[in-house]
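One letter stands for each residue in the lines below.
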Amino acid sequence: MDDVVVSLNNISKCFKRYAHPVERLKETLLRGKVVAEEFWALRSLDMEIRKGETLGILGRNGSGKSTLLQIIAGTLTPTTGTVKVNGRVSALLELGSGFNPEFTGRQNVFFKGRILGLSQVELERKFADIVAFADIGDFIDQPVKTYSSGMFVRLAFAVAIHVEPEILIVDEALAVGDIFFQQKCFRCLEQMRANGVSIIFVSHDLQAVTKLCDRVAILDKGHLEDTGSPSDMVGKFVQMFYGFSESEAVEIVEESSLMSDEPVVHAAFAEHAETSVVTQANITTAQIIPQTFISDFSKCQRYGLMNGLIAGLSLTTSTGKLQLTYPSGTEVFLTIKVNQHSTQIYPLNMGFQIKNRMGQIFIGTNTCLLRKKLVPSQPEKPFICQFKLRLLIAPGQYTISPAIAEFKPNAQIIYDWIENAASFEVISEDWPQQVGLCCPDVDVVIG
């Protein structure tokens with residue numbers, strides 16, 4: 001069919017293992033005298049990928065995932081079968097693939113781009129955008145062998161998406177890098193999906209697979225075990241390889257599939273979030289006065305009618321000290337400092353979103369949703385707005401996006417919004433008591 005961009009027919013791949021390196025030479029010179037051990041990484045695999053489809057591939061280590069991706073990318077030739085690829089392929093395979101470690105980042109951009117079929121003129125036109133997306137500063141002119149794994153994947157991902165591929169292959173690359181870059185990558189993948197790019201996505205992150213993919217395939221010992229919807233295949237994968245029962249697998253799938261990009265505020269959240277508003281003249285009414293505020297937002301994406309209204313952000317415990325890590329379940333105080341401004345915009349709607357590395361909103365609320373009218377006693381002066389909450393979320397990296405808007409449930413007028421203004425990490429200090437994305441207080445009674 002015309003919309004099929006990748007067609008694999010009866011694909012098998014065999015690798016030979018030799019007890020000693022010299023046996024490889026003996027096999028060439030003495031045919032039939034040396035028998036190598038055969039390892040079949042893929043066996044009789046048939047698969048089609050359609051235009052605009054995002055296919056997820058799940059499988060344990062050694063199941064044949066990377067071999068399959070290399071065959072589609074053209075860096076490996078199958079032992080048997082035929083491969084038909086209709087469109088420009090850009091692949092993010094194992095770290096280091098396609099880059100010369102002795103070349104600088106700049107040289108590798110042009111080197112990799114030419115391999116992928118772009119002309120020198122096209123690469124020169126795109127170079128500034130690639131560098132801006134990678135955001136590795138002066139390291140662009142340093143040999144890539146000096147790069148950290150995070151810097152390397154930044155540049156590799158930037159090149160892969162800017163060559164305007166029709167088929168993009170991503171193999172665990174998004175597991176590397178800081179949370180801000182990971183969120184940017186996931187947003188980019190969503191945009192490429194919307195533009196009709198076919199994506200082949202390999203990951204052990206079941207939530208990412210559920211969120212991104214239209215269809216999922218499971219590989220097991222080189223065989224295509226099954227294909228189907230993300231929820232069905234994630235459930236089957238959990239059952240097959242992690243020893244969960246069917247009911248436990250369904251629970252995990254539901255936790256993954258219920259994640260949404262849209263904030264959902266439950267009525268019960270009000271029990272866990274309290275808001276205090278204080279003015280400069282009456283600062284003692286705040287529950288916790290932060291010792292330090294984050295105030296440099298120059299590298300953040302920021303928008304609104306009153307850019308600069310938010311002066312600072314702080315996340316502390318009861319000590320008032322800014323921290324980068326918190327144990328799961330910690331009670332914290334999220335404080336937003338507001339600059340002096342016109343009183344005509346009162347009452348204000350102040351809020352925040354806490355997102356994970358994929359940009360999914362884990363906690364999100366504001367003073368309007370909490371039914372707290374924010375009108376300080378001395379509105380002409382700077383003040384702070386403070387939220388108290390418990391971090392009942394799974395261990396991982398998170399970002400905070402504070403915002404001020406008009407006082408309406410679905411505010412259309414944004415005064416100041418700072419995307420990913422700060423980051424922090426939730427850790428588990430002892431043996432994990434739960435699985436899933438959130439960690440609510442749970443007790444058990446046996447009677």
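In the block above lies the structure referred to throughout.
So, here is what we can say about the structure in this document.

Quick notes on the rules
- Residues numbered from 1 in each chain as written.
- Predicted model: local features only at pLDDT ≥ 70, side-chain atom pairs only at ≥ 80, totals over all residues.
- Heavy atoms only, no water.
- Helix = DSSP H or I, 4+ residues; strand = E, 2+ residues; numbered from the N terminus.
- Expected span 1.5 Å × (residues − 1).
- Buried < 20%, exposed > 50% of the residue type's maximum accessible area, 1.4 Å probe, protein only.
- Pairing = 2+ DSSP bridges.
- Axes fitted to C-alpha atoms, helices over the stretch in contact; angles between N-to-C directions.
- Phe/Tyr/Trp six-rings, centres within 6.5 Å; stacked < 30°, edge-to-face > 60°.
- Lys NZ or Arg CZ within 6 Å of the ring centre and 35° of its normal.

**Observations concerning unusual backbone geometry**
Alright, step 1. A positive phi is found at Ser44, a non-glycine position, where the angle reads about 45°.
Alright, step 2. The backbone phi angle of Glu164 is positive, close to 55°, even though this residue is not glycine.
Alright, step 3. Residue placement: Glu164 occurs in the loop between α5 (149-162) and β6 (167-171).

**Notes on α5**
Quick reminder: α-helices carry 3.6 residues per turn. Residues three or four places apart thus point the same way.
Alright, step 1. With 14 residues, α5 extends 20 Å between its outermost C-alpha atoms, agreeing within 8% with the 20 Å of an ideal straight helix rising 1.5 Å per residue.
Alright, step 2. For α5, the tally of buried residues reaches 13 of 14 residues, placing the bulk of the element in the interior.
Alright, step 3. Directly beyond the C-terminal end of α5, a positive phi value near 55° is found at Glu164.

**A closer look at the sheet that holds strand β2 (residues 37-50)**
Alright, step 1. The antiparallel open sheet is built from three strands, whose spatial order is β2-β1-β4. Each of the sheet's edge strands pairs with one partner strand only, and the pair in question is β2 and β4 (80-85). For this sheet, the mean inter-axis angle between neighbouring strands, taken without regard to orientation, is 20°.
Alright, step 2. Bridge analysis of strand β1 (residues 4-17) against β2 gives 10 bridges, and the strand direction is antiparallel.

**Side note on the packing of aromatic side chains**
Alright, step 1. What the rule picks out here adds up to 12 aromatic pairs.
Alright, step 2. Centroid distance Phe110 to Phe127: 5.5 Å. Interplanar angle 20°. Geometry classified as stacked. Here Phe127 lies in helix α4 (residues 120-134) and Phe110 lies in helix α3 (residues 105-115), a separation of 17 residues in the sequence. Of the two residues examined, Phe110 and Phe127, each falls in the buried class.
Alright, step 3. The interplanar angle of 70° and the centroid separation of 5.0 Å between the aromatic rings of Phe352 and Phe387 together place this pair among those described as edge-to-face. With Phe352 in strand β15 (residues 348-355) and Phe387 in strand β17 (residues 383-390), this residue pair connects regions lying 35 residues apart in the sequence. One exposure class covers both Phe352 and Phe387, and it is buried.
Alright, step 4. In this structure an aromatic cluster arises from ring pairing among Tyr326, Phe362, Tyr398 and Phe424.
Alright, step 5. A cation sits over an aromatic face here: Lys337 above Phe293, 4.3 Å from the ring centre.

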